[in-house]
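# Architecture and fold: a report
These are the residues of each chain, in order.
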Amino acid sequence: MTVRSPIVLDSDPGIDDAVALQYLLGTGLWDLKAYTSVGGNLPADATYRNARSLARALRIDTDVPVHRGAGRPLSRLPYREATAFHGRAGLGEESLPDSTAPHPTESSAQALLRLSREHEGELTVCATGPLTNVAIALLEDPGFARRVARFVFMGGAAQVPGNVTPVAEFNIWSDPDAAEIVLSSGIPFTMVDLDASHRWLFRPADLAALEAAGPGTALAARLMRTYTKAYTRHGGDGTCPLHDPLAVGVCGDEAFVTTAEGAVIVECASELTRGQTVFVPAAARRVHYSESPSLTARLRVTGRVALGPGPRDFSDHFVTTLPHWPALP
């Protein structure tokens, strides 16, 4: 029997967060230790409620605790919800029943810290929303960075435009101070950014495949239909990116993306470029910011950054994996 690796999914559901959870379960690769919610696509109360409802719909709420995230971003800058893409309640047109499972007393950050100690050197953390919870865990215990085996997050834009401003991606823009705390901590990160997620698309044929797969993918099909319509309203072509599912996919196989090693510095001070992720490749031939010892030192903190799609077809893997973990219709 294959031993499944421990993982925490830190999420702000959100349509693509919802299908990312079903995809994670469908892969069969992971022992999901906790589903931690965070404010992002909606405020923290709403994403916690959605996370509990999704845990019920995917039949894991009796086994996997759902933890509530921080009540607000670390940043004091203005914040905007993403209801234009995810709907007023965050899950498109769905109104899912709440789970009857008890509410854990631990916060999302506290659960992350506890699990990092219980599974030191083994735990994968996948974040598909703003990095508030992970930053709080690091502020409480910087040793969290070395105890985590791998940290994969959806966010940022290394070499392409942003999706909330010309230079910033939504998750990082929502709490740039948290992102900079995380990316400067030394945690072993892989950034799954718009450079890669905008290249793996969910297409009309994929929607038809989900609709034909039976009642177990009916919820995912409805969610993705709504998500595709939202992208079409905003100038799309009938497809939509697989942002959050791709981050989960990369946790299991980095062949879905092409990566490079480098530093990622988050702009926190300027409202014009708030949330910009400045990527400096480790292989750069010139010395950057030589006049600034602090920035020079910061560039030595590196991780892996997705710069585009990889050789393995993620869109196909996503669609064929979802039926392996049927949801309540």
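Quick note: structure is the one above.
Residues numbered from 1 in each chain as written. Predicted model: local features only at pLDDT ≥ 70, side-chain atom pairs only at ≥ 80, totals over all residues. Heavy atoms only, no water.

## Some words on the overall build of the protein
- Summing up its helical and strand segments, the protein has 14 helices and 11 strands in all.
- Compactness check: the protein gives a C-alpha radius of gyration of 18 Å against a globular reference of 20 Å for 329 residues, within 12% of the reference.
- Judged by the C-alpha coordinates and their principal axes, the protein covers about 60 × 45 × 45 Å.
- Within the protein, the proportion of its 329 residues that are buried is 56%. (Helix = DSSP H or I, 4+ residues; strand = E, 2+ residues; numbered from the N terminus. Rg over C-alpha atoms; globule rule 2.2 N^0.38 Å. Buried < 20%, exposed > 50% of the residue type's maximum accessible area, 1.4 Å probe, protein only.)

## Observations regarding helix H11 (residues 218-233)
- Taking 1.5 Å per residue as the helical rise, H11 with its 16 residues ought to reach 22 Å, and the 23 Å between its terminal C-alpha atoms agrees with that figure.
- Residues of H11 that are buried include every one of Leu219, Ala220, Ala221, Leu223, Met224, Thr226, Tyr227, Thr228, Ala230 and Tyr231, and no others.
- Trailing H11 by a residue or two, Gly235 shows a phi angle of about 95°, which is positive. (Expected span 1.5 Å × (residues − 1).)

## Regarding the pattern of salt bridges
- Enumeration according to the criterion identifies 15 salt bridges in this entry.
- Across the salt bridge formed by Arg52 and Asp98, the nearest N and O atoms sit 3.0 Å from each other. Of this pair, Arg52 sits in helix H2 (residues 44-57) while Asp98 sits in the loop between helix H3 (83-86) and helix H4 (108-118), and the two are 46 residues apart along the sequence.
- A relative accessible area of 39% means that Asp98 is categorised as partly exposed.
- Asp253 serves as the salt-bridge partner of Arg312, at 2.7 Å between the closest nitrogen and oxygen. (Salt bridge = Lys/Arg side-chain N within 4 Å of Asp/Glu carboxyl O.)

## Description of the nonpolar core
- Leu21, Leu32, Phe202, Leu246 and Phe318 are the most contacted members of the largest nonpolar core, which totals 56 residues.
- With eight residues, the single largest contributor to this core is helix H1 (residues 15-27).
- Other than its neighbours up to four places away in sequence, Phe202 contacts Leu207, Leu210, Met224, Thr228, Gly238, Thr239, Cys240, Leu242, Phe318 and Val319.
- Membership of the second largest hydrophobic core comes to 32 residues, among which are Leu131, Ala158, Ala179 and Ile187. (Core = buried A, V, L, I, M, F, W, Y, C linked by side-chain atoms within 4.5 Å. Contact = heavy atoms within 4.5 Å.)

## Notes on the packing of aromatic side chains
- Taken as a whole and judged by the stated rule, the model has nine aromatic pairs.
- Relative to Phe189, the ring of Phe153 has its centre 6.3 Å away and its plane inclined at 55°; by these criteria the two rings are tilted. Pair noted here: Phe153 is in strand E5 (residues 150-154) and Phe189 is in strand E6 (residues 189-192), with a separation of 36 residues, a long-range link.
- Overall, the relative accessible area of 0% leaves Phe153 in the buried class. (Phe/Tyr/Trp six-rings, centres within 6.5 Å; stacked < 30°, edge-to-face > 60°.)

## Comments concerning the sheet that holds E6
- In spatial order, the strands read E3-E2-E1-E4-E5-E6-E11-E9-E10; together these nine strands make up an open sheet with mixed pairing. At either end of the open sheet lies a strand with only one pairing partner, and these are strand E3 (66-67) and strand E10 (277-281).
- When strand E9 (residues 257-266) meets strand E11 (residues 303-309), the two strands line up antiparallel, connected through six bridges. Each bridged residue has a counterpart across the sheet, and for Ala260 the counterpart in E11 is Val305. (Pairing = 2+ DSSP bridges.)

## Overview of the packing of H1 against helix H12 (residues 243-252)
- Contact geometry for H1 and H12: axes closest at 7 Å, N-to-C directions at 30°. Our classification of the angle between H1 and H12 gives roughly parallel. Crossing handedness for the pair H1 and H12: right-handed. Side by side, H1 and H12 meet where Asp16, Asp17, Val19, Ala20, Tyr23 and Leu24 of the first sit next to His243, Asp244, Pro245, Val248 and Gly249 of the second.
- When its residues are assigned to classes, the contact of H1 with H12 shows six nonpolar, two polar and three charged. (Axes fitted to C-alpha atoms, helices over the stretch in contact; angles between N-to-C directions. Parallel < 35°, antiparallel > 145°, perpendicular 65-115°, else oblique. Left-handed = near helix turned anticlockwise from the far one by under 90°. Nonpolar A, V, L, I, M, F, W, Y, C, P; charged D, E, K, R; others polar.)

## Re the side chain of Asn41
- Looking at where Asn41 falls in the secondary structure, it is placed in the loop between strand E2 (30-37) and H2.
- On the basis of relative accessibility, which here comes to 4%, the residue Asn41 falls in the buried class.
- A distance of 3.1 Å separates a polar atom in the side chain of Asn41 from a polar atom in the side chain of Asp17.
- For Asn41, the residues in contact, after removing those within four places along its chain, are Asp12, Gly14, Asp17, Tyr79, Glu81, Ala82, Thr83, His86 and Phe170. (Polar contact = N/O pair within 3.5 Å; in protein donor to acceptor, adjacent residues only side chain to side chain.)

## Some thoughts on the pairing of strand E1 (residues 5-11)
- Taking burial as the measure, the seven residues of E1 include six buried ones, the bulk of the element.
- Taken together, the seven bridges between E1 and E2 define a ladder with parallel strand orientation. The partner of Ile7 across the bridge, within E2, is Leu32.
- Since E1 and E2 lie parallel, the crossover through H1 that links them has a hand, and here it is right-handed.
- Note: E1 against strand E4 (residues 124-127), four bridges, orientation parallel. Looking at the pairing, Val8 lines up with Val125 of E4. (Right-handed = clockwise from strand over helix to strand, strands pointing away.)

## Overview of the environment of Gly156
- The topology assignment puts Gly156 in the loop between E5 and helix H7 (170-174).
- C-alpha separation for the pair Gly156 and Ala260, spaced 104 residues apart in sequence, amounts to 14 Å.

## Quick notes on the environment of Val278
- Position of Val278 among the secondary structure elements: in strand E10.
- Taking the C-alpha atoms as reference, Val278 lies 9.5 Å from Val167; in sequence the two are 111 residues apart.
- When neighbours within four sequence positions are excluded, Val278 is seen to be in contact with Ala263, Val264, Ile265 and Tyr289.

Without other data, these values stay purely geometric and don't point to any function.
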